[in-house]
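# Examining the three-dimensional arrangement
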Amino acid sequence: MIEPKDGAVRRAVAPVICYSVSDLPQPNLGLYLNAAEGAVLVAKATAAPREAACIEVPAGSFLRITSVEGPQVGDLNLFNAGDLSEQFYSGKTRALHGTHVTTGDRLWSSFPHLRPMATIVADTLGWYGIDEYGGSVHDVIGTRCDPYTGRLLRGSDYHNCCHSNLTRAFADYLGLSLADAEPYIHDVLNVFMCTGFTRDTGQYFMKASPVRPDDYIEFFAEIDLLAVMSACPGGDCGSEHTSDSAPCHPLQMSVRTPSPLVLEGWSSPMPNAYSGSHGRV
Ligand SMILES: [Zn+2]
């Protein structure tokens, strides 16, 4: 490979941040945290190891995902409960907030809606930061483990990847066939997963999650949500996934609802205001 004479100069150009997060509408975290204090438990669901579970989270309520029994990674899909075509958009969330999310970051929905679906209000792994390998927790860079990639790499079928777990749970919850349910399953928020990209080869890596029982991440639902979460067959994702070899643990989802009085002045964000004309009248 021949490098041009000015290669070093081209390489030395300083990067610019693509999107200024400070230009986004800012969440009122103080209001949310105040509301969280008096919120009461209204629903619970547990994703069994190598399975997924669904739970509905009304707008203005809190969804907490808690590690129980042992270190475990979860793959989370989010839908507008009233319009399943509006789904979590991991790629745009990554472009806006970075490769990993924590308290104050928001989970954005797909086009043409592009609005905050949820805001992270608590993260007991927020202390982890970015480690010496460039790894961090709760990524929006992975997709979800799936049987198709497993087939490509290993030549065999495995049926308890997150993609399949999410598909079965979503289908059962909504009374759909697997074929009708599967197209709804989308790239996830990798809850508790510790990941990054190697600096030398740029490859996606994972390492054992620092999560321990009782750690949790909590979201404020900006709109009515249907959450579907899989307890990844990779367990803490310290060795491998797409098999039954890793120790796996359940993950708990709980929904808490505050008094409407404490959310006075708050309302769900409106769908994106872009006209949708794409330049044609
Ligand atoms: Zn997985």
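Because the structure is predicted, anything quoted here is derived from the model rather than measured. Along every chain, residues carry numbers that run from 1 in the direction the sequence is written. Side-chain atom pairs in this predicted model are given and counted only at pLDDT of 80 or more, local residue features only at pLDDT of at least 70, and totals for whole chains, interfaces and linings cover all residues.

## Looking at the sheet that holds strand β1 (residues 40-47)
- Paired strands are those between which DSSP finds at least two bridges. Numbering of helices and strands runs from the N terminus, with a helix taken as a DSSP run of H or I at least four residues long and a strand as a DSSP run of E at least two residues long. The strand order across the open sheet formed by six strands is β1-β13-β3-β11-β7-β6, and the pairing between neighbours is antiparallel. Among the strands making up the open sheet, the edge pair consists of β1 and β6 (106-108). Sheet twist, expressed as the average angle between the axes of neighbouring strands with direction ignored, equals 25°.
- Taken together, the five bridges between strand β3 (residues 62-67) and strand β11 (residues 216-221) define a ladder with antiparallel strand orientation. Following the sheet pairing, Arg-64 is matched in β11 by Glu-218.
- The strands touched by helix α2 (residues 29-37) are β3, β7 (116-123) and β11; relative to β7, the strand with the most contacts, the crossing angle is about 65°. Every angle, taken between N-to-C directions, lies between 0 and 180 degrees, and every axis is a line fitted to C-alpha atoms, over only the stretch in contact when it is a helix. With C-beta atoms placed from the backbone, a contact is any residue pair whose C-beta atoms sit within 7 Å.

## Re the pairing of strand β5 (residues 83-87)
- Sheet analysis places strand β4 (residues 74-80) next to β5, joined by two bridges and oriented antiparallel. Across the sheet, Phe-79 pairs through a bridge with Gln-87, a residue of β5.
- With antiparallel pairing between neighbouring strands as the criterion, β4 and β5 make up a hairpin whose turn holds two residues.

## With respect to helix α5 (residues 162-174)
- Given the number of residues in a helix, its expected span is that number minus one, multiplied by 1.5 Å. With 13 residues, α5 ought to run about 18 Å at 1.5 Å a step, and its terminal C-alpha atoms sit 18 Å apart, in line with that.
- Taken together, the buried positions of α5 are occupied by Cys-162, His-163, Ser-164, Asn-165, Leu-166, Thr-167, Ala-169 and Phe-170.
- Downstream of α5 by a residue or two, Gly-175 has a phi angle that is positive, lying close to 70°. Each residue is classified by how many other C-beta atoms fall within 10 Å of its C-beta atom, where C-beta atoms are placed from the backbone; a count of 20 or more means buried, 12 or fewer means exposed, and values in between mean partly exposed.

## Quick word on unusual backbone geometry
- Cis peptide bonds are those with omega within 30 degrees of zero, and the linkage from Phe-111 to Pro-112 qualifies with 0°.
- A positive phi angle, close to 60°, is found at Arg-50, a residue other than glycine.
- Tracing the chain through its elements places Arg-50 in the loop between β1 and β2 (52-57).
- According to the C-beta neighbour criterion, Arg-50 is buried, with 23 such atoms within 10 Å.

## Observations regarding the nonpolar core
- Ranked by internal contacts, the top residues of the largest apolar core, which has 62 residues, are Leu-63, Leu-78, Ala-221, Leu-225, Ala-227 and Met-229.
- No other element matches strand β12 (residues 225-231), which puts six residues into this core.
- Beyond its immediate stretch of four places on either side in the chain, Ala-227 contacts Cys-54, Ile-55, Val-57, Leu-63, Leu-76, Leu-78 and Met-253. Take the buried Ala, Val, Leu, Ile, Met, Phe, Trp, Tyr and Cys residues, join any whose C-beta atoms are within 7 Å, and the set you get is a nonpolar core.

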